Every structure is written in structure tokens, then in C-alpha cells.
Amino acid sequence: SAYHELGKCLWAQRKREDAQKALARAYELESMKDAWDLVTLLEIHNTLMDTHLKDTTNINRTKFQEYFKTTEFVTGRVRKNLPQDGNAAVYYKAAGELKSWGGKYSEAQELFNEAIPLFEKEKAMDCSGLIAACRDMLSFCDRNLAGQQNSPMNFDVPTNKEESLAEPYDGPVFEEVQDDDEHAAMEEVARAAFGAGTSSSSAALAAPPCEYRLAVPEDFEQALRLCAECGRTPLLADQAGFTTHLHGSGAGLCWAAVSSGSVVGFAVCGSDGIHAHVQQLLSSSIVGGRAKEELRHGLLERCAEACREKGLRGMRAEPSVAGERGGELFEALAWKASHFVYGSPATVVEEAPAAAAAPAPAASSSSSSSAAKPAAPKDLGTWAKVDVEKELVADEGVDPSIVPEKVIQKEDFGPEGQGLELPTKITKYSWDQTKANVSLYIPFDGVGSLPEGDIVCVFRPRGVLLVISHAGKRHWYKVPNLCTDIDTEASGRKLKSDHVVIKLRKAEQGREWSALDDSKERYNKDREFRLQHGDLKGASTEQLLADMYKNANDEERAGLRDAMRVNQEKRKADANPGKGA
């Protein structure tokens, strides 16, 4: 959710209290979703715990009690709706730790006792460390309940680091996985509150590592194997058709997931020139449970990203293309069901009998030549080149140039932008802006100690590319469609110990960017066109609010819900003017 992303950005900047408020709200909202995700909830939970336990000189344990209600609600949903396996146990352990920090030792014990047998049954990974941590926490709770230990609810954290916490702020600090030093520091915090042997972090059982790449014709045999494993009929049953699709309507849209050299997942997509369509989604039978869901999510996310890069309006799919529970899969990704799709009867014409297909005798040639010949089928590829909206506007006698361009204009970064691989893409960043500059913060562990020549930053009027060469790989981050123009000569980058700061000088000083890229600017132009000439022309207030709701963040949606409610009440009052008088 937007609050989750906001909370992570605020915490990266070490704005502790603001981050806690945003993450607490994100926890509440995520827990109430119909299509809720346990991994996301655990991410929010653990980040929220970090804001209380990391980089601080004092811990007030009563603060954890503010999250009890949300944790209890999620625990109930996990018990009721999820398989009682290692993933459920991870949440029970996390919730038990929260209760322990908050001083509710009896309730914490119940959660640890619920988690341990589930960890013991889990065979997908070694859970001995998690089990030991639960038992240590049980002992801690026992000691406090028996009066043998009186853990303070407010205490100072011992520190053995030389650097001062009062050093001036120099950009956000990025964290992904705790290294040995961080882990030792967290253990020190836990010992100060609980005693030795405790741990404050939890992690969901992970899916096996996969590499996602664009599909190639050589994947045909493995795609057939996946169809057989899934009990599905191949959509492209021969090599020629498979290759034609990858080079035609499916070019740049079909993806494969590869693990240990084998294709374990495959997404067949195609484009009609306006929308992309998911036509078949396959995953290997050796991947099950949450790992299977993560695999399918990963394929769909890459298809969606390719769809955006091609400037298509969006992606569509029928639930059946993903097999069993396909609808739930798409809803978990926040896809919305819009309408039923009807299909005409089969268009394949049965071959006529040989006798009927025989040529007419020469005597009847004059009459047969005068009969109308069937028209040659129109080349369907030409339809992909038609801009439907421009054609419709031109039919109305309006200049078609007013139609916003659908293709995203992207900068070319030359040789440095070639050969960039998706697995080495840097996906975490934060940014802020002043009247003169936009600052980008890109995390990369140890970047400050790399040779100067291993860090390349390319600036274009509407784009920026960062490439970091390390351990034989090129790690990269780019924005090829910045919100507005930048002054490339005045822009630059600065290296810190664990992140790169990129300064983009605004070409138009004082103009506030609506986003880092031009997505919001394009959306606003497109919406203005739709209001004047498209599907929103003449729309009611309620329809306009509903359209805005689809593209709003959590906070904006809350305001729009109020506006919708007020509008509905006004309509009811107008329909019954005599009531309530």
C-alpha cells in the first residue's frame, strides 16, 4: 500500500515517529484486505519492529501495545484462512515476540507454543533455529511470570559503536538484509530486554531462487513439458507457431522462470496493439505452496512491466489461463474483474468434400467466372498500427493531434544501456526534491570502496542511468522517462559508503515534479482528453469519482469514499425533496 511505501521511505531517512505512524496504518489496511498477503504483512510487521529497536538509545516497551489489536486480528485470519504450516508459524512467532516486548507474557506463550509444532512438521527448510528462538522466548516469559526476572518496560540500550548517533544526517540509510554486525546489535538489544538467546526478526519461508527472462524459441520443448505437468493443453502446439508468436504479437511479452537450468514457469502473452493479454500461465509441479504463488506473481509482474514499456493500456486475462484458482491469483495482484467476455462460434471452416472442391467443367467456365470470388483476408497485423482514438476523433472533425501519445518516449543511453540484465536491476531507491534539484538515493553495499571507474552515471535530458560493475556483474538502475527535462551538465552523482546520491538539476527551476517519471503527467493529459472527447465525456460526478478512485492511493481513496457518500446522499435527497422537511 501507499502507507507501506511511505513508511519505508521515512524509516530510510530515520524519521522514526512519522515512519511508525505510516507503518501502523499500513499494517491496519493490509490486514483488512480481502486479498491479503502474509508475506507483505510480515514485511510491515518487521519494519515496524525495526523502528522501535534499531538505531536508538532507549526502548519504551509500552509502545508495542499500540499494535496488539492489529496483530490479534491478523492472527485470527491466519488461524482461520491459511494452511497451518511453517508460514503460519512464522507469523505466530512474530506476534509472540511483539506480545513479549509489550509485556503480555501469557499471550506470548500461547503463540510460541502454537508455532513450535508447526516448525517441527516443516520439511521445506531447516527450522531448528526458529524452534530454538521460540523456546528461548518461552523461558523468558516463564521467568517473568514466575517472578524470577523483572524485565524493565523502559530501558537504555547499551552501545559499543564508536560513531555517535548525533552525527549530522547525510541522506537516507538503506537496509535490506541484516549483516553480522547488525545482527549482533539486535541480539544486544534483545539481551538487554529479555536475556540471551532471543531474536527479534522473522522471515517467511522463501521460494527457491528463480531467474526471470524473456522467452526464446528454444523454450518450446520445456513449455510443452510444463503443459503436460499441469494437465493443460498447449496453446502453441508446434515449434513453428511458438516461434511465430514470440516474434509477432507476443514479442517482448512472454516470460520464462528458470531455476537450476530448467524452465519452471512460463507466461504466454500477446498484444492486439491496445491491450496485452495473458493467454496461458504455467508453473512446474515441483514448485508448490507459497513458492508457486510467488513464481506466478513474478511472471505476471514482468509481463505487466513489459506491457507498460510498450505503451499498452493494460493487461487482461481470463481466470482459466492461470488454471485452478486463477481468479484469486489475479485479485491478489489487485487486478479487477470488469465484464464477461463472449466469443463467437468456432470460425474454423470444415474442409469441403473432395467432390465439392473439384473444379467446374470447362462448359460452365463462363458462369463460374462471373461468380464473386471470396475476398482475400485482411492482414490482421495492420490493425495493430491503427490508433483507434485518433481515428474516432478525426471522424468527429477534430484535429487528431490532441490525442495523447500512448507510446512512452524513452531516452537511449547508448552503449552503457546495452546488455543490462533483469536479475541485476536495482529496485530499491528513494527520492526527494527542492526547487532546484531532484535527489535520488540508490542503495548498494560497499559502493564507496569500489574503483571510480566501476560506477558510471549517464544523464539525458529526460533520463538517468546508473551502472555499478561489481564481482563480474553490471548492477543498474534507470529512469528513461523523467517527469520533466533536466540540465545534464549541472547534474552529477556522489558516492557514500553504502549508497549513491544522484543530483538531477531541474531545467525549469521551481517546478514541482508530480513523480520521478512522467507517469502522472501522462495520466493527467490522458484524463483531460477522456473528459473532453473520450469515455468520460458527459460522465456523472459518481462516475468521475469512481474513475479517480481506481488511480488513487490509500489516503486519496479515503477522501474519495467520503465524496462518493456525500454525492449519493445528495442524490437521494434530490430524489425525495419532501422527506425530512
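**Student:** Lay out the confidence of the model for the protein chain with the relevant residues and their values.
**Tutor:** Put simply, the protein chain has an average pLDDT of 77, and 69% of its residues get 70 or more. Considering only residues more than four positions removed or in separate chains, one finds that residues 160–187, a stretch of pLDDT under 50, has 38 contacts. Contacts from residues 194–207, a stretch scored under 50 in pLDDT, to residues over four places away or in other chains number 42 contacts.

**Student:** Break down the packing of helix α6 (residues 105–121) against helix α7 (residues 128–145) for me, citing the residues and quoting the values.
**Tutor:** In contact at an axis separation of 9 Å, α6 and α7 are set at 155 degrees when each is read in the N-to-C sense. With respect to each other, α6 and α7 are oriented roughly antiparallel. Classified by chirality, the crossing of α7 by α6 is left-handed. From α6, Tyr-105, Ser-106, Ala-108, Gln-109, Phe-112, Asn-113, Ala-115, Ile-116, Phe-119 and Glu-120 reach across to α7, where they touch Leu-130, Ile-131, Cys-134, Arg-135, Met-137, Leu-138, Phe-140, Cys-141, Asp-142, Asn-144 and Leu-145.

**Student:** Tell me about the nonpolar core, and name the residues and values.
**Tutor:** Looking at soluble globular proteins, one finds that nonpolar side chains tend to be buried together. Grouped together as the largest cluster of nonpolar side chains are 51 residues, with contacts concentrated most on Val-78, Tyr-91 and Phe-119. Sorting the residues of this core by element identifies α1 (2–12), α2 (16–32), α3 (38–53), α4 (68–81), α5 (86–101), α6 and α7 as the ones contributing at least two each. Of all the elements, α5 adds the most residues to this core, at 9 residues. Dropping the residues within four chain positions of it, Tyr-91 is found in contact with Tyr-27, Leu-38, Leu-42, Thr-71, Val-74, Thr-75 and Val-78. Cys-457, Ile-486, Val-500 and Ile-502 belong to the second largest nonpolar core, which has 23 residues in total.

**Student:** Can you lay out the sheet that holds strand β8 (residues 430–433) for me, pointing to particular residues and giving the numbers?
**Tutor:** Where strands meet in a sheet, backbone hydrogen bonds hold them as pairs that are either parallel or antiparallel. Spatially, 4 strands are ordered β8-β9-β14-β13 in an open sheet, and the strand pairing comes out antiparallel. If you trace the sheet from one side to the other, it starts and ends with β8 and β13 (486–495), each paired once. Neighbour to neighbour, the strand axes of the sheet diverge by 15 degrees on average, direction disregarded. When β13 meets strand β14 (residues 499–506), the two strands line up antiparallel, connected through 6 bridges. Within β14, the residue paired with Lys-494 across the bridge is Val-501.

**Student:** A description of the sheet that holds strand β3 (residues 211–214) should follow, citing residues and the corresponding values.
**Tutor:** Overall, mixed pairing links the 5 strands, which are arranged β3-β4-β5-β6-β7 in an open sheet. Pairing within the sheet leaves two strands with one partner each, and these edge strands are β3 and β7 (315–317). Shown here is a sheet whose adjacent strand axes are inclined to one another by a mean of 30 degrees, direction ignored. When β3 meets strand β4 (residues 255–259), the two strands line up antiparallel, connected through 4 bridges. Its bridge partner being in β4, Glu-211 is matched across the sheet by Val-258.

**Student:** Help me get a handle on the packing of aromatic side chains, residues and values and all.
**Tutor:** Following the criterion strictly, the structure yields 5 aromatic pairs and no others. Relative to Phe-266, the ring of Phe-242 has its centre 5.8 Å away and its plane inclined at 35 degrees; by these criteria the two rings are tilted. Taken together, the positions of Phe-242 in helix α10 (residues 239–247) and Phe-266 in strand β5 (residues 262–271) put the pair 24 residues apart, joining distant regions of the chain. The pair Phe-242 / Phe-266 is uniform in exposure class, with both members buried. Considering the side-chain rings of Tyr-429 and Tyr-477, the 5.2 Å spacing of their centres and the 45 degrees angle between planes classify their relative orientation as tilted. Of this pair, Tyr-429 sits in the loop between α15 (388–395) and β8 while Tyr-477 is found in strand β12 (residues 473–479), placing the two residues 48 residues apart along the sequence. Residue classification places Tyr-429 among the partly exposed residues on the basis of a relative accessible area of 36%.

**Student:** Give a description of the state of the cysteines that names residues and reports values.
**Tutor:** Tallied over the entire structure, the rule returns 0 disulfides. In this structure Cys-307 is not part of a disulfide, and its nearest cysteine sulfur, from Cys-269, lies 8.8 Å away. Exposure remark for Cys-307: the relative accessible area of 2% places this residue in the buried category.

**Student:** Tell me about α3, residues and numbers included.
**Tutor:** Compared with the 22 Å implied by 1.5 Å per residue over 16 residues, the 22 Å span of α3 between its first and last C-alpha is a close match. In terms of burial, α3 is largely enclosed, as 15 of its 16 residues are buried. At the C-terminal side of α3, Asp-55 shows a positive phi close to 50 degrees.

**Student:** Break down α5 for me, citing the residues and quoting the values.
**Tutor:** Look at α5: 23 Å from first C-alpha to last across 16 residues, which is about the 22 Å you get at 1.5 Å a residue. Burial analysis of α5 places 16 of its 16 residues in the buried class, the great majority of the element. If you check the start of α5, you find a side-chain oxygen 3.1 Å away from the backbone N of Asn-87, and it comes from Asp-85. Positive phi shows up at Gly-103, right after α5, with a value of about 90 degrees.

**Student:** Provide a residue-level description of the side chain of Gln-20, including the pertinent values.
**Tutor:** Relative to the assigned elements, Gln-20 resides in helix α2. Note on Gln-20: relative accessible area 14%, which makes it buried. For Gln-20, the side chain forms a polar contact with the main-chain oxygen of Thr-51, separated by 3.2 Å.

**Student:** Give a detailed account of the pairing of β5, specifying residues and quantitative values.
**Tutor:** Of all 10 residues making up β5, 8 are buried, and the element is well covered by its neighbours. As paired elements, β4 and β5 share 5 bridges and run antiparallel to each other. Note that in β5 the partner of Val-258 across the bridge is Val-263. The hairpin formed by β4 and β5 contains 2 residues between the paired strands, and Ser-260 there has a positive phi angle of roughly 55 degrees. Where β5 meets strand β6 (residues 276–283), 7 bridges bridge the pair, whose relative direction is antiparallel. Looking at the pairing, Gly-265 lines up with Ser-283 of β6. Taking the residues that link successive antiparallel strands as the turn, the β5-β6 hairpin has 4 residues, and the phi of Gly-273 there is positive, at about 95 degrees.

**Student:** Give a detailed account of unusual backbone geometry, specifying residues and quantitative values.
**Tutor:** The phi dihedral of Asp-55 is positive, around 50 degrees, even though this residue is not glycine. When you line up the elements, Asp-55 lands in the loop between α3 and β1 (58–60). Positive phi is not limited to glycine here, since Ala-471 has a value of about 55 degrees. Along the chain, Ala-471 falls in the loop between β11 (463–470) and β12. Here Ala-471 falls in the exposed class, since its relative accessible area comes to 69%.

**Student:** Can you tell me about the pattern of salt bridges, naming the residues and giving the values?
**Tutor:** Under the defined criterion, the tally for this structure stands at 17 salt bridges. In this structure, the salt-bridge partner of Glu-120 is Arg-135, at a minimum N-O distance of 2.9 Å. Taken together, the residues span a long stretch of sequence, with Glu-120 in helix α6 and Arg-135 in helix α7 at a distance of 15 residues. Under the relative-accessibility criterion, Arg-135 is labelled partly exposed at 44%. Where Lys-425 meets Glu-305, a salt bridge forms, and the shortest distance between an N and an O atom there is 3.0 Å. With a gap of 120 residues between them, Lys-425 in the loop between α15 and β8 and Glu-305 in helix α11 (residues 289–309) connect regions that are remote in the sequence. Residues joined by salt bridges that share partners form a network here, namely Glu-72, Lys-99 and Glu-107.

Cut-offs used in this document
Residues numbered from 1 in each chain as written. Predicted model: local features only at pLDDT ≥ 70, side-chain atom pairs only at ≥ 80, totals over all residues. Heavy atoms only, no water. pLDDT = per-residue confidence, 0-100. Contact = heavy atoms within 4.5 Å. Axes fitted to C-alpha atoms, helices over the stretch in contact; angles between N-to-C directions. Helix = DSSP H or I, 4+ residues; strand = E, 2+ residues; numbered from the N terminus. Parallel < 35°, antiparallel > 145°, perpendicular 65-115°, else oblique. Left-handed = near helix turned anticlockwise from the far one by under 90°. Core = buried A, V, L, I, M, F, W, Y, C linked by side-chain atoms within 4.5 Å. Buried < 20%, exposed > 50% of the residue type's maximum accessible area, 1.4 Å probe, protein only. Pairing = 2+ DSSP bridges. Phe/Tyr/Trp six-rings, centres within 6.5 Å; stacked < 30°, edge-to-face > 60°. Disulfide = S-S within 2.5 Å. Expected span 1.5 Å × (residues − 1). Polar contact = N/O pair within 3.5 Å; in protein donor to acceptor, adjacent residues only side chain to side chain. Salt bridge = Lys/Arg side-chain N within 4 Å of Asp/Glu carboxyl O.

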